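Descriptive analysis of the structure
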Amino acid sequence: MWNLAKIRWAEARATAGYQEPTTIRVAVLDTGIEREHPDLVGRVTSYTHQHPDIPDASGERDIIGHGTHVAGTIGAVIGNEVGINGICQCELHIWKIFDDVPDFDAFSQSFVYFVDPVMYLWALADCVEQRVDVVNLSIGGGGQPDHQEQLLFDTLLANGTTVVAAMGNERQFGSPTSFPAAIAGVIAVGATKLNDSVASFSNRGNHIALSAPGVAIWSTLPTQPGQFGFEAIVGPDGQPREGKAERRETDYDAWDGTSMATPHVAAASAVLLSNRDRMNSAAVRTQLQATADRVPGMGDAEFHPDYGAGRLNLLRLVSEA
Amino acid sequence: MQTITITFRAEVPKPRREAVLEAMARTSGVLKASFLKAESDHPEIARTAYLSLATQADVEAVLTQLRQLPEIEAASLPAQRRLM
């Protein structure tokens, strides 16, 4: 797996005194998870997929597979001779924040799944109350946070929780600012390729903290079929309706996205918290940035809006931080 | 369905918050008015609530009504979030 080699995962784990973050609680707020996947079985500490006030909105299945992919990168079983290795064996706490009904998206002219705002706020509130250590958010959007979203992020960060979010994949559209990555205090992650250059889709911006591998990332997918969404066809009433499903693979697949880069940094944050004295999100960011590898695209700069402070290096994080 | 999120002012007591939500639930187009987590003892979470509105509801009218209430600190349409 090129991504693990690039961040020097094996060397980091071989460091004398390396502490597996088995008690560090990492929250993944995403499309759900397939807990019975052979590479995730026994790895999920908790899975919340329903809101008590909207019990029919969301079932247990991870239809899209995005959350199962993200969670696999963070914490798939290590060394089981099956599929992939996760970065660490932290506690995985999963919240499904998408409902199961796709909505028409005028921009893409297709039916896609959007974050359910109530399930999202509810998950953030749970993270506040349960004082999770790290939150992975491989989601985004251009709208400024409303009062409630901002309030919950402020509370999470004040609690000392490390929040990691994807920069976004709209580079070809001028890298519009995406939230929650651009919320102050959130660690925003861009995506790099095998040669350490920026991925063609990865947003640039002055709020980027660092980068991590985000192209052709192999990880877990649900063993049951599912889809990203549906093409739109015009119904008899002239309105768009769901057409053919855009199917995804099952079991495993290589995906691109700042979504795929983000869990590398979330897992690395868990490893840092396990191997050093407890620290707040700002200190975690400082250590991630100080130990990142400067990449050729940065020139001589300490910071670059394509890469932040550079590409994640887990070995240096464990041995130098 | 559409959603409006609400933050009550910190000094508003819980019974008054409940009364506001009960009144809003009777407003045209409002399907549900609820605290985010009714049993939370966290002060910031306890003052967060939401309304679920029918697709054809007049959202702007409901927002205007909410923002005129002295108990409400903020009422807004949540920003759309999607996969990256």
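Residues numbered from 1 in each chain as written. Chains lettered and ligands numbered in written order. Predicted model: local features only at pLDDT ≥ 70, side-chain atom pairs only at ≥ 80, totals over all residues. Heavy atoms only, no water.

Topic: the interface of chain A and chain B
- Each side of the interface is counted separately: chain A has 44 residues, and chain B has 28 residues.
- In this structure, the connection of chain A to chain B is made through 4 salt bridges.
- In this structure, A:Glu129 and B:Lys37 form a salt bridge, with 2.6 Å as the shortest nitrogen-oxygen distance.
- There are 18 residue pairs in polar contact (both at pLDDT 80 or more) connecting chain A and chain B.
- Those elements giving two or more residues to the side of chain A that touches chain B turn out to be α4 (117-130), β7 (139-140), α5 (147-158) and α6 (258-275) of chain A.
- In terms of residue count, the dominant contributor to the side of chain A that touches chain B is α4(A) (9 residues).
- Grouping the amino acids of the side of chain A that touches chain B by side-chain chemistry returns 19 nonpolar, 17 polar and 8 charged. (Contact = heavy atoms within 4.5 Å. Salt bridge = Lys/Arg side-chain N within 4 Å of Asp/Glu carboxyl O. Polar contact = N/O pair within 3.5 Å; in protein donor to acceptor, adjacent residues only side chain to side chain. Helix = DSSP H or I, 4+ residues; strand = E, 2+ residues; numbered from the N terminus. Nonpolar A, V, L, I, M, F, W, Y, C, P; charged D, E, K, R; others polar.)

Structural notes on the packing of aromatic side chains
Residues and elements named next belong to chain A.
- Enumeration over the complete set of coordinates arrives at 4 aromatic pairs over all chains.
- Measuring from ring centre to ring centre gives 5.6 Å for Phe107 and Phe173, while their planes differ by 80°; the resulting arrangement is edge-to-face. A residue pair is termed long-range when its members are at least 10 positions apart, and Phe107 in the loop between β4 (103-105) and β5 (110-112) and Phe173 in the loop between β8 (162-166) and β9 (187-192) qualify at 66 residues.
- You can call Phe173 exposed: its relative accessible area is 54%. (Phe/Tyr/Trp six-rings, centres within 6.5 Å; stacked < 30°, edge-to-face > 60°. Buried < 20%, exposed > 50% of the residue type's maximum accessible area, 1.4 Å probe, protein only.)

Here's the deal with the sheet that holds strand β3 (residues 48-53) of chain B
Residues and elements named next belong to chain B.
- If you trace the 4 strands from one edge of the open sheet to the other, you get β2-β3-β1-β4, paired in antiparallel fashion. Each edge of the open sheet is held by one strand with a lone partner, namely β2 (30-35) and β4 (72-76). Each adjacent strand pair in this sheet contributes to an overall mean axis angle of 20°, direction not counted.
- When β2 meets β3, the two strands line up antiparallel, connected through 5 bridges. Bridge assignment links Val30 to a residue of β3, and that residue is Leu53.
- Contacts between helix α1 (residues 14-25) and the sheet are confined to β1 (2-8), β2, β3 and β4, with β2 contributing the most and set at about 170° to the helix. (Pairing = 2+ DSSP bridges. Axes fitted to C-alpha atoms, helices over the stretch in contact; angles between N-to-C directions.)

Observations concerning the layout of surface pockets
- Its boundaries defined by the atoms lining it, the largest pocket holds a volume of some 980 Å³.
- Lining the largest pocket are 34 residues, and of these A:Asn169, A:Glu170, B:Arg82, B:Leu83 and B:Met84 lie nearest its centre.
- Elements supplying a minimum of two residues to the lining of the largest pocket: β5 and β12 (227-234) of chain A together with β5 (82-83) of chain B.
- Element by element, the count of residues in the lining of the largest pocket is highest for β12(A), at 4 residues.
- Its residues assigned to classes, the lining of the largest pocket comprises 14 nonpolar, 13 polar and 7 charged.
- When its volume is computed, the second largest pocket comes out at roughly 800 Å³.
- Lining the second largest pocket are 27 residues; nearest its centre among them are A:Asp103, A:Asp116, A:Pro117, B:Met1 and B:Thr3.
- Going through the elements one at a time, α4 of chain A together with β1 and β3 of chain B are the ones with two or more residues in the lining of the second largest pocket.
- Counting residues per element, the lining of the second largest pocket draws most heavily on α4(A), at 4 residues.
- Split by residue class, the lining of the second largest pocket holds 14 nonpolar, 6 polar and 7 charged. (1 Å grid on protein atoms, 1.4 Å probe; cavity = no way out; pocket = protein on both sides within 12 Å on 5 of 7 lines; lining within 4 Å. Points joined across faces, edges and corners; volume = space filled by probe spheres on them.)

Remarks on unusual backbone geometry
Residue and element names in this part refer to chain A.
- Of note, the bond from Phe179 into Pro180 is cis; its omega dihedral lies within 30 degrees of zero at 15°.
- Following the sequence through the fold, Pro180 ends up in the loop between β8 and β9.
- Backbone geometry at Gln109 places phi at a positive 55°, although glycine is not the residue there.
- For Gln109, the position within the fold is in the loop between β4 and β5.
- The backbone phi angle of Ala216 is positive, close to 55°, even though this residue is not glycine.
- Its location among the elements puts Ala216 in the loop between β10 (208-213) and β11 (217-220).

Some remarks on empty space enclosed by the protein
All names here are of chain A.
- Using the criterion set out here, one finds 1 cavity of 30 Å³ or more in the structure.
- Of the pockets and cavities examined, the largest cavity occupies roughly 40 Å³.
- Surrounding the largest cavity, Thr31, Asp62, Ile63, Ile64, Lys96, Phe98, Asp99, Asp100 and Tyr113 form its lining.

Topic: the side chain of A:Ser219
All names here are of chain A.
- Here Ser219 shows up in strand β11.
- Looking at Ser219, its side chain comes within polar contact range of the main-chain oxygen of His69, at 2.7 Å.
- In this structure Ser219 touches Thr68, His69, Gly72, Thr73, Ile84, Asp251, Tyr252 and Asp253, once residues within four positions along its chain are discounted.

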